[in-house]
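# Architecture and fold: a report
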Amino acid sequence: MKTEILLGDEAVALGAIHAGLTSGFSYPGTPATEVMEYLIRASKKEAKFNASWCVNEKVAYEEALGVSYSGKRTMVSMKHVGLNVAADPFMNSALTKINGGLVVVVADDPGMHSSQNEQDSRYYANFANIICLEPSGQQEAYDITRAAFDVSEKFNIPVLIRVVTRLSHSRSKVQTRPPQNENEIKYGEGKDWTLLPANARKRFEILMRRQSEVITFSNKSDFNKLYLNEKNSSFGIIASGIAYNYVWENLKDFPQKPSLLKICTYPLPEELISRLVQQVDSILVVEEGYPFIEKSLRGLFGISGKTVNGRLNGRLPMTGELSSDNVRKALEMIPNTTQILQDFTLPARPPQLCPGCPHGDTLNALNKVLKPFSGAVVFSDIGCYTLGALPPYNAVDTCVCMGASIGMAKGGAEAGVFPSVAVIGDSTFSHSGMTPLLDAVATDTNMTLIILDNNVVAMTGGQPTFAPGEGLIRIVEGLGVRKNHIQVIVPLPKNLEKNIQIIKREINHKGLSVIIAQRECVEEVLKKKRRGAK
Amino acid sequence: MKQDIILSGVGGQGILSIAFVIDNAALKEGMEFKQAEIHGMAQRGGAVQSHLRLSDKPIFSDLVPRGKADMILSVEPLESLRYIDYLSPDGIIVTSSNPYMNIGNYPNLDKVLDGIRAVENSVIIDSEKLAREAGSRKAQNMVILGAASKHLILKKETLEEFIRILFMSRSESLADINVKAFRLGYNATS
């Protein structure tokens, strides 16, 4: 046994390596990025497995499916909204006969530290009728990931591991066990993987018949823990994942311990829940994310003679992240005494574009061009440039999902928006921007697309992009944008006047234009300098 | 024996390096620890914080409960006040006196320092001066760690060992500078 210091994300990654991982795939996204960062670092040292960034989450998932078909173990990791992108292969893969263990790691972001929503991935696992495992700490993240591959192969279904920001990005000690070897190659059978209606019906029936076995697995799992206090029949708690820690943080000084069920596996362990519910009159459900367990427990009409407390009745906040503080309140304990700031208002310090950032120069030029137009809309996307929505720029009007800027600009332009401008980064463009641009080419819509090519996935810490520079220009040409309306600019303060003229000209062109603003991310330039100086 | 700490500063000031040193020292000294940090969007020049918990018993929550922090260890004065509701009634602040002014409405510095002094036994250090003396303005984080180390339940020697390990990966001279910065911070407090 070895002890290491690991982030929750890293514990997941190491658990997968030690379970005999053959290939890992991902697209960067906070708070999931560190799973793949760890895999890539480790693969460079050990070189026994593949670890790679992919163009988007859907592609990552499909690459993982190919590995599973071959009989080897594979993991695909992403942030919660990434699973929306990968939802098509995800939902359908539940009907295939998963061969080599397939583990999907999804990092949810309750509280939206770095995300546009706080969707709860347990619903996805439930939707697909597969198993979800939810570790409560770093050690469990390692242990659960190791176990997840066996479970996936046992039931021939994908297994979803749900982590949340506070586990993903928290470090602690993890004890590791000796690694196991990777699987031998052993192909799946075509009939189990060809989801033509005749096959798919059979496969779906098999998946549904599996459910009772899967619930039995959940009831017996070592990762769930039921503690029944026969002396306390008034009050019990159900807590899942890291919420369990917030409960314990407070129960330390609780006089009469309530019965407590810790849930780390889904589908819900019905038998364990039933034993707890029979024991007590009132149940508090504490779970990070949506009230998933609470809703199942309550059903439409509640449980006769029992009270269920949680997010749904306001005992815990309906939205946002849990903490030991709001759980303490839900337990009706006296709040801790804190220090308070006297006579002083603290100004916020929001994140901002780095000094010298190329996006700042492009947004400045764009702002100057659009000033005379009262009807201008800048549809934007997901990346550092989204910070352009904040002062001093106030330059962008939307941020919805990866690639949305281009489709929205097209829809807006056709509805009468002028100027209709889309702003997207080079990585987001490769992720989900090419297909909507093809749409805009087909209709030659009167809109202007600005692609900010900084040569890197900057917001998540500098991962490589797939087609920056010349490659990006060739893609835009290849999609059919007219050559005389593809303009390349270099966003620098000294080029401001020139860039304003170019943007102005293309906005006034009645049809589709693409402007590519090329300059490397300043953080990357610094990193390269530091490496060079070493 | 336990110690709950909030590390604070502005993205890029090196609070994760402080966390690395404390985490590893805790592991070596056989302590339990959990350390939650902020990645992603907020790191771009925004307020950043890390919750760091040390104990000789198992630790549950990754986050420090409000009112339970024994110390706020900050590389920036204004940021040291941002998490004051986490500080226990007898908790202290150890902070740099040097402001990081990347916002237009940065308050009057004297008022900020008065706010810090209102917390009893707080330690305010001119980390920029001491870091320059050690050889690099960037070593302010280690100056503050040095100043805080008198109050930590970890040995000074263990902390120094991991400062050396952390910076040796870049260069020996950088390791020397950072150990020196740590010692200057340590000696600057009574």
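Thresholds, definitions, all that
- Residue indices follow the written sequence of each chain, beginning from 1 at its first position.
- As they are written, the chains are lettered A onward and the ligands numbered 1 onward, keeping that order.
- With the structure being a predicted model, the display of local features is reserved for residues of pLDDT at least 70 and the display and counting of side-chain atom pairs for 80 or more, all residues being used for whole-chain, interface and lining totals.
- Helical segments are the DSSP runs of H or I of at least four residues, strand segments are the runs of E of at least two, and each set is numbered from the N terminus.
- Every radius of gyration here is taken over C-alpha atoms, with the globule rule written as 2.2 Å times N^0.38, N being the number of residues.
- By the convention adopted here, residues are in contact when the distance between their C-beta atoms, placed from the backbone, does not exceed 7 Å.
- Remark: nonpolar core denotes a set of buried Ala, Val, Leu, Ile, Met, Phe, Trp, Tyr and Cys residues whose joining runs through C-beta atoms within 7 Å.
- Counting other C-beta atoms within 10 Å of a residue's own tells you its class, since 20 or more makes it buried, 12 or fewer makes it exposed, and anything in between is partly exposed; those C-beta atoms are placed from the backbone.
- In this entry, domain limits derive from an automatic or database-based domain assignment.
- Working convention: axes come from line fits to C-alpha atoms, limited for helices to the stretch in contact. Angles between N-to-C directions cover 0 to 180 degrees.
- Here roughly perpendicular refers to angles of 65 to 115 degrees, roughly parallel to angles under 35, roughly antiparallel to angles over 145, and oblique to all remaining angles.
- Each helix crossing is assigned a hand: it is left-handed if the near helix lies turned anticlockwise from the far helix by less than a right angle, otherwise right-handed if that turn is clockwise.
- The residue classification treats Ala, Val, Leu, Ile, Met, Phe, Trp, Tyr, Cys and Pro as nonpolar and Asp, Glu, Lys and Arg as charged. All others, Gly included, are polar.
- For two strands to count as paired, DSSP must find a minimum of two bridges between them.
- In a helix, the anticipated span is given by 1.5 Å times the number of residues less one.
- Looking down the strands as they point away from you, a crossover is right-handed if its path from the first strand over the helix to the second goes clockwise.
- Each residue gets a pLDDT score, which is the predictor's confidence in that residue and runs from 0 to 100.

Before going further, it helps to examine the overall build of chain B. Secondary structure summary: chain B contains 7 helices and 6 strands in total. Counted from the first residue to the last, chain B has its helices and strands arranged as β-α-β-β-β-α-β-α-β-α-α-α-α. Relative to its length of 190 residues, chain B is compact, with a C-alpha radius of gyration of 15 Å against a globular reference of 16 Å. Dimensions of chain B, computed from the C-alpha atoms along their principal axes, are close to 40 × 40 × 40 Å. Taking the intrachain contacts of chain B between residues at least 6 apart in sequence as the baseline, contacts between residues at least 24 apart amount to 66%.

Residues and elements named next belong to chain A. If you look at the biggest cluster of nonpolar residues, it comprises 101 residues, and the most contacted ones within it are Val 103, Val 105, Ile 131, Val 159, Ile 161, Ile 238 and Val 286. Ranked by residue count, the leading element in this core is helix α7 (residues 138–155), at 7 residues. Mapped onto the domain boundaries, this core takes at least three residues apiece from domain 1 (2–220) and domain 2 (225–330). Beyond its immediate stretch of four places on either side in the chain, Val 105 contacts Val 12, Ala 32, Val 35, Met 75, Ser 77, Ile 161 and Val 163.

Turning next to the environment of B:Lys68. When you line up the elements, B:Lys68 lands in the loop between β3 (47–55) and β4 (69–74). Sequence separation between B:Lys68 and B:Gly91 is 23 residues; the distance between their C-alpha atoms is 8.1 Å. Contact partners of B:Lys68, with chain neighbours within four places excluded, come to A:Asn336, B:Asp4 and B:Ser88.

Moving on to the packing of helix α1 (residues 15–28) of chain B against helix α6 (residues 156–168) of chain B. When two helices pack together, their arrangement is captured by the angle between the axes and the distance separating the axes. All names here are of chain B. Between α1 and α6, the shortest axis-to-axis distance is 9 Å and the interhelical angle comes to 125 degrees. Classified by the angle between their axes, α1 and α6 sit oblique to one another. In the packing of α1 onto α6, the handedness of the crossing is right-handed. Within the contact between the two elements, α1 uses Ser 17, Phe 20, Val 21, Asn 24, Ala 25 and Lys 28 and α6 uses Thr 158, Leu 159, Phe 162, Ile 163 and Leu 166.

A separate point is the domain arrangement of chain A. Residues and elements named next belong to chain A. Segmenting chain A into domains produces domain 1 (2–220), domain 2 (225–330) and domain 3 (358–526). For domain 1 and domain 2, the distance between their C-alpha centroids amounts to 27 Å. Contacts between the two partners involve 25 residues from domain 1, matched on the other side by 21 residues from domain 2. At the level of secondary structure, the elements contributing two or more residues to the side of domain 1 that touches domain 2 comprise α6 (122–128), β6 (131–133), α7, α8 (165–168) and α10 (197–220). Of the residues belonging to the side of domain 1 that touches domain 2, the class tally is 12 nonpolar, 6 polar and 7 charged.

Glancing now at the interface of chain A and chain B. It is common to give the size of an interface as the accessible area lost on bringing the parts into contact. Tallying the contact residues gives 40 residues for chain A and 43 residues for chain B. Put simply, the parts of the chain that give the side of chain A that touches chain B at least two residues each are β1 (2–7), β8 (170–176), α11 (243–251) and α14 (324–330) of chain A. Residues of the side of chain A that touches chain B, tallied by class, amount to 16 nonpolar, 17 polar and 7 charged. As defined by bridge partners, β8(A) adjoins strand β2 (residues 32–36) of chain B across 3 bridges and the pair is classed as antiparallel. Pairing of A:Arg171 across the sheet is with B:Gln35, part of β2(B).

What follows concerns the sheet that holds strand β2 (residues 21–26) of chain A. All names here are of chain A. Read from one edge of the open sheet, 7 strands run β3-β2-β4-β5-β7-β6-β12, paired in mixed fashion. Strands with a single pairing partner mark the edges of an open sheet, and in this sheet they are β3 (50–53) and β12 (265–266). Sheet analysis places β2 next to strand β4 (residues 73–79), joined by 5 bridges and oriented parallel. Directly across from Ser 26, in β4, lies its bridge partner Ser 77.

In this section: α1(B). All names here are of chain B. Here α1 is 14 residues long and its end C-alpha atoms lie 20 Å apart, about the 20 Å a rise of 1.5 Å per residue gives. Of all the 14 residues making up α1, 11 are buried; the element is thus mostly covered by neighbouring parts of the structure. After α1 finishes, the residue Gly 30 shows a positive phi value of roughly 75 degrees.

Attention shifts here to the pairing of β2(A). Residues and elements named next belong to chain A. Of all 6 residues that make up β2, 6 are buried, and the element is covered over most of its length. Relative to β3, β2 is paired through 4 bridges, and the arrangement is parallel. Paired with Phe 25 across the bridge in β3 is Ser 52. The parallel pair β2 and β3 is bridged by helix α2 (residues 33–46), and the resulting crossover is right-handed.

Another aspect to go through is the confidence of the model for chain B. Averaged over all residues, the pLDDT of chain B is 95; the fraction at 70 or higher stands at 98%. Interface confidence in the predicted complex, given as ipTM, is 0.96; pTM for the same model is 0.97.

In sheet architecture, strand pairing relies on hydrogen bonds along the backbone and comes in two forms, parallel and antiparallel. Ordered in space as β1(A)-β8(A)-β2(B)-β3(B)-β1(B)-β4(B)-β5(B)-β6(B), the 8 strands form an open sheet in which the pairing is mixed. Since the sheet does not close on itself, it has two edges, and those belong to β1 of chain A together with β6 (123–125) of chain B, each with one partner. Between one strand axis and the next, the sheet turns by 20 degrees as a mean value, whatever way the strands run. Strand direction decides the pairing type here: β1(A) and β8(A), joined by 6 bridges, are antiparallel. Bridge pairing in β8(A) links A:Leu7 to A:Arg171. Its contacts with the sheet place α1(B) against β1 and β8 of chain A together with β1 (2–10), β2, β3 and β4 of chain B, and it is angled at close to 10 degrees to β3(B).

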